[in-house]
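Per-entry structural report
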Amino acid sequence: MYRFLLTPRWWGINVFVLLAIPFCVFMGSWQLGRFEDRVQDHRTADAAASAARTDPARPLASMLPVTTQTSGRQTTAKGRYDKQLLVPGRELDGRSGYYVLTMLRVDGGKALPVVRGWLPGTADAAKAPAAPTGEVTVTGALQASESPGSNGVSAVGGLPPGQTAAISAPSLVNLVPYTPYDAWITLDKADAGMKAVPPSAPANTGLDLKAFQNLGYTGEWFVFAGFVVFMWFRLLRREVEFVRDAELGLLPDTQETSGSAETPAASEAMAAPATPEKESEDAAATAVEPSGTA
C-alpha cells in the first residue's frame, strides 16, 4: 500500500520535508538566541548604569574603545577647550532644544567631544555659553559615537556652519582641523545655566521593538516547521485513501459507455455520408421489394 512512497513525486516531497524542518528549527533557534542576547545586553547595561553611579571616574585612555561594559561609565580627561559646535533637534524633559558640544584638546593632538549641556529652543550660537579657558579637567559619562538616522539622531544634512547632526568621529572630522575620538562624554554637571544631558543606554541593548521582533520570528519559524509536518501527513493520508479506494474498486469509471451498444460496422455506416449513387440503389431495392401476400 505504501509503495507510492518510492515514486519520484514522493521522493521529491520527502527530500523537501527532510530539508525544510531542520532549516526552520535552526532559524527559530537562531532568532531565539538573538532575543536572549538582547536580554543579556539589557541586563548588562542596567548593571553598568548602576555601577556608574558609585564607581570612581577612570582615565579616558583606560576606557577606550567604548563597549557595552564601558558605555555610561564615568571617565575623566584633561585638556583645553577649543572649537564649539551645536547639535540641534535634541529633546530633554519633553522639550526641544540643542546640545552645546565643545572639543577638548588632549595630549597627543586628538580631541574629545564634550557635551557641556542642553539649551531649549532653536540652536543659536549667541546663546551658547563660552567654554572655560585654560587647562581643565572634565568628568562625565562615556558614550559611543552616534549613528545618523538611529535612536532619534537626525540624518538631515545641509546644516548651518557650526552645527552637526550626530556626535560621531565621521561627522566631526570634516568640521574640526584635528582627529576626534570615536567617543564622547556628557558632563555630570552642566556649565553656566545649561541642563546636564543624561547618558543614554548603548545601542541594541534595550528591550525595544527589535528584541520583540526576534521573539516573534522565533515563533514563526517553529510554526513553519509544524506546518510542514502537518502537510506531509495530510498528503500521505490522502494518498493512502486513494490507493485503498482503487484496490476496492470504488473509484469512478472514467470510460463509461453510452446507453446502447453499437457494432463497429454500424458505427462506420452511421458515420459514412450518403452519396447520390447509394440513394439510387436504395430506392431501386425498395421498388422491387414484394409488397406481401394478399
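Residues numbered from 1 in each chain as written. Predicted model: local features only at pLDDT ≥ 70, side-chain atom pairs only at ≥ 80, totals over all residues. Heavy atoms only, no water.

As for the overall build of the chain
Basically, it comes down to this: Numbered from the N terminus, helices here are DSSP runs of H or I no shorter than four residues, and strands are runs of E no shorter than two. Throughout, exposure labels follow a simple rule: accessible area from a 1.4 Å probe, protein chains only, divided by the maximum for the residue type, with under 20% read as buried, over 50% as exposed, and the rest as partly exposed. Here a residue-residue contact requires only that any non-hydrogen atoms of the pair lie within 4.5 Å. Per-residue and other accessible areas were derived by the Shrake-Rupley procedure at a 1.4 Å probe size, with only the shown protein chains allowed to occlude residues.
Helix and strand content of the chain: five helices and six strands. Of the regular secondary structure in the chain, the N- to C-terminal order runs α-β-β-β-β-β-α-β-α-α-α. Each of the 294 residues in the chain was classed as buried or not, and the buried ones make up 32%. Within the chain, residue pairs in contact and separated by at least 24 positions form 66% of the contacts whose partners lie at least 6 positions apart. Here the chain has roughly 18,700 Å² of accessible surface; of this, 58% comes from carbon and sulfur atoms.

Regarding a nonpolar patch on the surface
The test is simple: A patch is a set of surface residues, each over 30% in relative accessible area and not in a salt bridge, joined within 9 Å for like charges and within 5 Å for the nonpolar side chains Val, Leu, Ile, Met, Phe, Trp and Tyr. Criterion for a salt bridge: a side-chain nitrogen of Lys or Arg within 4 Å of a carboxyl oxygen of Asp or Glu.
On the surface, Leu6, Trp11, Val15 and Leu19 cluster together into a nonpolar patch covering about 460 Å² of accessible area. You can see Trp11 is positioned in helix α1 (residues 8-52).

Focus: the pattern of salt bridges
For the structure on display, the rule yields six salt bridges. Note that Asp82 and Arg105 form a salt bridge whose closest N and O atoms lie 3.6 Å from each other. Placement of Asp82 in strand β2 (residues 74-92) and of Arg105 in strand β3 (residues 95-105) is noted, with a sequence separation of 23 residues between them. Asp82 gets classed as partly exposed once you look at its relative accessible area, which sits at 40%. The shortest N-O distance in the salt bridge between Asp191 and Arg116 comes to 2.9 Å. Taken together, the positions of Asp191 in the loop between β6 (183-187) and α3 (209-247) and Arg116 in strand β4 (residues 111-120) put the pair 75 residues apart, joining distant regions of the chain.

Thoughts on the packing of aromatic side chains
To keep it simple, the criterion reads: The criterion for an aromatic pair is that two Phe, Tyr or Trp rings (for Trp, the six-membered ring) have centres within 6.5 Å, with stacked assigned to planes under 30 degrees apart, edge-to-face to planes over 60 apart and tilted to the rest.
Within the structure shown, the criterion is met by five aromatic pairs. Centre to centre, the rings of Phe23 and Trp221 are 5.5 Å apart; their planes meet at 85°, and the pair counts as edge-to-face. Of this pair, Phe23 sits in helix α1 while Trp221 sits in helix α3, and the two are 198 residues apart along the sequence. Using a relative accessible area of 45% as the deciding quantity, one classes Phe23 as partly exposed. Residue class for Trp221 comes out partly exposed when judged on its relative accessible area of 22%. Their ring planes at 85° and their centres at 5.1 Å tell us that Trp232 and Phe233 sit as a pair that is edge-to-face.

A few points about the confidence of the model for the chain
Cut-off, in case you're wondering: Note on scores: pLDDT gives the predictor's confidence for each residue, bounded by 0 and 100.
In this model, the chain carries a mean pLDDT of 79, and residues with pLDDT of at least 70 account for 75%. The model gives residues 254-272 a pLDDT under 50, and that stretch makes two contacts with residues more than four places away or in other chains.

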